[in-house]
Amino acid sequence: MKIKSMLIASAASLFTVSGAVAADAVVAVDPEPAEYVQICDAYEGFYMIPGSEVCLDISGRVRVQFDYNSVVRDFEQDVDMRIDFDARHETEWGTVRSFIRIGNGLVNGAPVSIATNAAGAVTGVSLFGGVSVERAFISVQPNENVTITTGRAGSLYYREEIDSNQIKFQYAGNGFALGLAYEDAALSGPNTKSFGGANDAIIGQVSYSASGFSIYGELAYEGREAGATVTTYAANIGAGYDGGNWDIGVEYEWFRGASAFEVVGCPAGKLDELAIILGVDITDKLTASSDWDYYGNNQGWAVANTLAYSVSSNFSVEAELDYTSRRARSATATVGVWELGLDFVATF
């Protein structure tokens, strides 16, 4: 009985479909395009990781530099790259962010390093002389004004120019910003400045900006090293104005301590530096800047001039002409040094 009922039902359905075909032509409907990657509405430029509520953004930079030094009288080619992984998601504690930056440096055409075993088999490849994790941190933002960061991130004192292991608290709102950090004192970075000590540093920062004007101040304290009799202190104050298509800034840095900043020519444990920075947008694509640095106690001066052209939003060419005076180089230097650089920078 069941088989008979199924046959009747099948015949009825076939009859119904056949009637529909006779009455109206069937129009094939194109399938809706599959959305393989979901865009995150909460964060611009981020995409949802499938199977999770985490949003991810991947970006990077490749920079090729050509440099000439008047003292060495030689050209060098430097290549560096970086890849950033920025993941964020919402929790009951607010926005949680995890960030990883992987980078490397290649100086003067250093070859790729290939590791082999006793039999000659390749066991590892180190591109551009070595790839390392430059930054890796976790931050929590309970509201739009407060951010708490821990891990290896941009130093509070050097405003992102140098990375350090740290725990950092920051507040920003209505033009006012306040920061407090406990950082590893063994800071190092491209501008060759560092506390250089074995102890950790406590750093405070405050700033205010409104109507194009800005002012900021920073203080750093590093306890005495083992066997040392001098405590390290550092201070940095500055002000600036952004006029839209031009800007100017003035900065003064003061340092006293057991270990000196690695500014060549400055006496150990002592630094007084005054800097004036000028910038102008010549066109929508062409910009120019000049950075003048004077070191106190008759320790010389230096200037860096940069001309940058944006071919597109992700590709630029920069030319730089720098001069460092004799005394700023070292106490025994007999001449100053000119440096000419040409940079090609591509981002994604």
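Residues numbered from 1 in each chain as written. Predicted model: local features only at pLDDT ≥ 70, side-chain atom pairs only at ≥ 80, totals over all residues. Heavy atoms only, no water.

J.: Is there a simple way to think about unusual backbone geometry in this case?
T.: What you tend to see is this: most non-glycine residues have negative phi, and most peptide bonds are trans. One non-glycine residue with positive phi stands out, namely Arg 73, at about 55°. In this fold, Arg 73 is placed in the loop between β2 (55-69) and β3 (74-91). (Helix = DSSP H or I, 4+ residues; strand = E, 2+ residues; numbered from the N terminus.)

J.: Could you clarify how one ought to interpret the state of the cysteines in this entry?
T.: A covalent bond between the sulfur atoms of two cysteines is referred to as a disulfide. Evaluation of the coordinates by the stated rule reveals one disulfide. The residue that forms a disulfide with Cys 40 is Cys 55, at a sulfur-sulfur distance of 2.0 Å. Between Cys 40 and Cys 55 the sulfur-sulfur dihedral comes to about -100°; the bridge is accordingly left-handed. Here Cys 55 lies in strand β2 and Cys 40 lies in the loop between α1 (2-23) and β1 (47-48), a separation of 15 residues in the sequence. (Disulfide = S-S within 2.5 Å.)

J.: Even after reading the chapter, I still don't get the packing of aromatic side chains, so can you show me in this structure?
T.: Given two aromatic rings, their pairing is described by the distance between the two centres and the angle made by the two planes. Here the structure, examined in full by the defined rule, presents nine aromatic pairs. Pairing Phe 66 with Phe 344 gives two aromatic rings, centres 6.4 Å apart and planes at 85°, and the pair type is edge-to-face. Remark: Phe 344 occurs in strand β19 (residues 337-347) and Phe 66 occurs in strand β2; sequence separation between them is 278 residues. With a centroid separation of 4.9 Å and 45° between ring planes, the pair formed by Tyr 68 and Phe 75 is classed as tilted. (Phe/Tyr/Trp six-rings, centres within 6.5 Å; stacked < 30°, edge-to-face > 60°.)

J.: Any chance you could explain the environment of Thr 324 here in plain terms?
T.: Secondary-structure assignment places Thr 324 in strand β18 (residues 315-324). For the pair Thr 324 and Gly 300, spaced 24 residues apart in the sequence, the C-alpha separation amounts to 8.0 Å. Setting aside residues up to four positions removed in sequence, Thr 324 forms contacts with Trp 301, Ala 302, Arg 329, Gly 336 and Val 337. (Contact = heavy atoms within 4.5 Å.)

J.: Explain the pattern of salt bridges to me, please; I cannot follow it from the model alone.
T.: Working definition: two side chains of opposite charge can pair if their charged atoms are close together. If you walk through the whole model with that rule in mind, you get six salt bridges. Notably, a salt bridge pairs Asp 84 with Arg 101, separated by 2.8 Å at the nearest N-O pair. With a gap of 17 residues between them, Asp 84 in strand β3 and Arg 101 in strand β4 (residues 94-107) connect regions that are remote in the sequence. On the basis of relative accessibility, which here comes to 9%, the residue Asp 84 falls in the buried class. Of the residues examined, Arg 101 reaches a relative accessible area of 11% and is grouped as buried. Its salt-bridge partner being Asp 86, residue Arg 88 comes within 2.9 Å of it at the nearest N-O pair. Here Arg 88 falls in the partly exposed class, since its relative accessible area comes to 23%. Overlapping salt bridges, with partners in common, bring together Arg 61, Arg 63 and Asp 80 in one network. (Salt bridge = Lys/Arg side-chain N within 4 Å of Asp/Glu carboxyl O. Buried < 20%, exposed > 50% of the residue type's maximum accessible area, 1.4 Å probe, protein only.)

J.: What is the right way to read the confidence of the model for the chain from this model?
T.: Low pLDDT marks regions whose predicted coordinates should not be analysed in detail. On average, residues of the chain score 79 in pLDDT, and 70% of them are at 70 or above. This model gives residues 1-23 a pLDDT under 50, and the stretch forms one contact once residues within four places in sequence are excluded. Confidence drops under a pLDDT of 50 for residues 259-266, and excluding neighbours within four residues, the segment shows 36 contacts in the predicted structure. (pLDDT = per-residue confidence, 0-100.)

J.: What is the right way to look at the layout of surface pockets in this model?
T.: If you roll a probe as big as a water molecule over the atoms, it shows you where there is empty space left. The volume enclosed by the second largest pocket comes to roughly 270 Å³. For the second largest pocket, the lining is made up of 19 residues, of which Arg 159, Ser 214, Tyr 216, Ala 239 and Gly 240 are closest to its centre. Mapped onto the lining of the second largest pocket, the elements with two or more residues apiece are β10 (176-183), β11 (201-210), β12 (213-222), β13 (232-242) and β14 (246-256). Take the lining of the second largest pocket: its biggest share by element is five residues, from β14. Among the residues forming the lining of the second largest pocket, the class breakdown is eight nonpolar, seven polar and four charged. (1 Å grid on protein atoms, 1.4 Å probe; cavity = no way out; pocket = protein on both sides within 12 Å on 5 of 7 lines; lining within 4 Å. Points joined across faces, edges and corners; volume = space filled by probe spheres on them. Nonpolar A, V, L, I, M, F, W, Y, C, P; charged D, E, K, R; others polar.)

J.: For this particular structure, what's the right way to read the environment of Asp 291?
T.: Structurally, Asp 291 can be placed in strand β16 (residues 286-295). With relative accessibility at 26%, the residue Asp 291 sits in the partly exposed group. Asp 291 sits 13 residues away from Ala 304 along the chain, and the two C-alpha atoms are 5.1 Å apart. Beyond its immediate sequence surroundings of up to four residues, Asp 291 is in contact with Ala 275, Ile 276, Ile 277, Ala 302, Val 303 and Ala 304.

J.: Can you walk me through the pairing of β13 in this structure?
T.: Every other side chain in a regular strand lies on the same face of the sheet, so the side chains alternate between the two faces. Sheet analysis places β12 next to β13, joined by ten bridges and oriented antiparallel. The residue bridging Phe 213 from the neighbouring strand is Tyr 241, located in β13. In terms of strand pairing, β13 meets β14 through ten bridges, oriented antiparallel. From the neighbouring strand, Asp 242 faces β14, where its bridge partner is Asp 247. A loop of three residues connects β13 with β14, the two strands running antiparallel in sequence, and Gly 244 in this loop sits at a positive phi of about 95°. (Pairing = 2+ DSSP bridges.)

J.: Explain the pairing of β12 to me, please; I cannot follow it from the model alone.
T.: Judged from the ten bridges that link them, β11 and β12 form a sheet pairing that is antiparallel. Residue pairing in the sheet places Ala 201 in a bridge with Glu 222 of β12. The antiparallel pairing of β11 with β12 creates a hairpin that spans two residues between the two strands, and Ser 211 there sits at a positive phi of about 55°.

J.: Whenever I open this one, the side chain of Glu 183 confuses me. Can you help?
T.: The topology assignment puts Glu 183 in strand β10. An unpaired buried charge is present at Glu 183: no salt bridge exists, and Lys 168, the closest side chain of opposite charge, is 5.8 Å distant. A distance of 3.0 Å separates a polar atom in the side chain of Glu 183 from a polar atom in the side chain of Ser 155. (Lys, Arg positive; Asp, Glu negative; His and termini not counted. Polar contact = N/O pair within 3.5 Å; in protein donor to acceptor, adjacent residues only side chain to side chain.)

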